[in-house]
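Single-letter residue listing:
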Amino acid sequence: MAVKDRDRFSTATRLKLLGEQTAARVYRSQTKRQARRSRLTGRAALLALVLCSLIVALAYPMRQYVSQRTQVANLERQREQARQRVEQLRDLKARWQDDAYAQQQIRQRLHYVMPGETGYVVIDPDAAKQSRAEQGAAGRPWYANVWDGVDKSDAADQ
């Protein structure tokens, strides 16, 4: 037994024991590292890289396509609005070609009366609510009132 005790404390035994403990620690750390290792393989990384590059390569053309489709839709809407406006203007032009309509508008807007007719003005009971601009029309020259009538008729057509 004395030989065993002496062998237990010998330098070679201690170094051997220390080496075994160190080897066990290294083995445990390697197994933990392998367990924590990501599942990403080389093929998966390459596939992810290819997919990302395809997404990046197609992003700009797709954005251009969407913006161009939006622009086409806006232009079609503007074209339809312009077509409707042209239709309205043609209708208005056709109405103004009729002498009866022109005479009616002249009488209504400029307060003209035909020879032999009596002109009159109907007073509105809500005249107090009129704006000062309309009330001040009597104090201005007649041509200013005519010009305002032309501006109002132009604004009404639009």
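Residues numbered from 1 in each chain as written. Predicted model: local features only at pLDDT ≥ 70, side-chain atom pairs only at ≥ 80, totals over all residues. Heavy atoms only, no water.

## What to know about the side chain of Q105
Part 1: Looking at the secondary structure, you find Q105 in helix α4 (residues 99–110).
Part 2: For Q105, the contacting residues outside a window of four places in its chain are W96 and L110. (Helix = DSSP H or I, 4+ residues; strand = E, 2+ residues; numbered from the N terminus. Contact = heavy atoms within 4.5 Å.)

## So, the packing of aromatic side chains
The geometry of an aromatic ring pair is captured by two quantities: the separation of the ring centres and the angle between the planes.
Part 1: Evaluated as defined, the whole model comprises two aromatic pairs.
Part 2: Pairing W96 with Y101 gives two aromatic rings, centres 5.3 Å apart and planes at 80 degrees, and the pair type is edge-to-face.
Part 3: Between the aromatic rings of W142 and Y143, the centroid separation amounts to 5.9 Å while the plane-to-plane angle is 80 degrees, which identifies the pairing as edge-to-face. In this pair, the class of W142 matches that of Y143, namely exposed. (Phe/Tyr/Trp six-rings, centres within 6.5 Å; stacked < 30°, edge-to-face > 60°. Buried < 20%, exposed > 50% of the residue type's maximum accessible area, 1.4 Å probe, protein only.)

## So, the environment of R140
Part 1: Locating R140 in the fold gives a position in the loop between α5 (132–135) and α6 (142–157).
Part 2: By relative accessible area, R140 is classed as partly exposed at 34%.
Part 3: Leave out the neighbours within four places in its chain, and R140 touches N145 and D148.
Part 4: Polar side-chain contacts of R140 include one of 3.2 Å to the side chain of N145. (Polar contact = N/O pair within 3.5 Å; in protein donor to acceptor, adjacent residues only side chain to side chain.)

## Considerations on the pattern of salt bridges
Part 1: This structure, assessed with the given rule, holds five salt bridges.
Part 2: A salt bridge links E80 to R83; the shortest N-O distance between them is 2.4 Å. Note that E80 and R83 are positioned in helix α3 (residues 42–97) at a spacing of three residues, about one turn of the helix.
Part 3: E80 gets classed as partly exposed once you look at its relative accessible area, which sits at 31%.
Part 4: Residues D148 and R140 are paired through a salt bridge, measuring 2.3 Å at the closest nitrogen-oxygen approach. (Salt bridge = Lys/Arg side-chain N within 4 Å of Asp/Glu carboxyl O.)

## What about the packing of α3 against α4?
Part 1: α4 packs onto α3 with a crossing angle of 90 degrees between their chain directions and a minimal axis gap of 5 Å. In terms of orientation, α3 lies roughly perpendicular with respect to α4. Together, L92, R95, W96 and Q97 of α3 and D99, Y101, A102, Q105 and R109 of α4 make up the contact between the two elements.
Part 2: Across the contact of α3 with α4, the residue classes tally to four nonpolar, two polar and three charged. (Axes fitted to C-alpha atoms, helices over the stretch in contact; angles between N-to-C directions. Parallel < 35°, antiparallel > 145°, perpendicular 65-115°, else oblique. Nonpolar A, V, L, I, M, F, W, Y, C, P; charged D, E, K, R; others polar.)

## Some words on the confidence of the model for the protein
Part 1: Summary statistics for the protein give a mean pLDDT of 82 and a share of 80% for residues scoring 70 or more.
Part 2: Confidence scores differ between elements of the protein, with α5 showing the lowest mean pLDDT of 54 and α3 the highest of 94. (pLDDT = per-residue confidence, 0-100.)

## Quick look at a nonpolar patch on the surface
Part 1: Taken together, the side chains of I106, L110, Y112, W142, Y143, V146, W147 and V150 define a hydrophobic patch exposed on the protein surface, amounting to about 860 Å² of accessible area.
Part 2: When residues of the nonpolar patch are traced back to their parent elements, those giving at least two are α4 and α6.
Part 3: With five residues, the single largest contributor to the nonpolar patch is α6. (Patch = residues over 30% accessible without salt bridge, like charges linked within 9 Å, V, L, I, M, F, W, Y side chains within 5 Å. Areas by Shrake-Rupley, 256 points an atom, 1.4 Å probe, with all protein chains shown as cover.)

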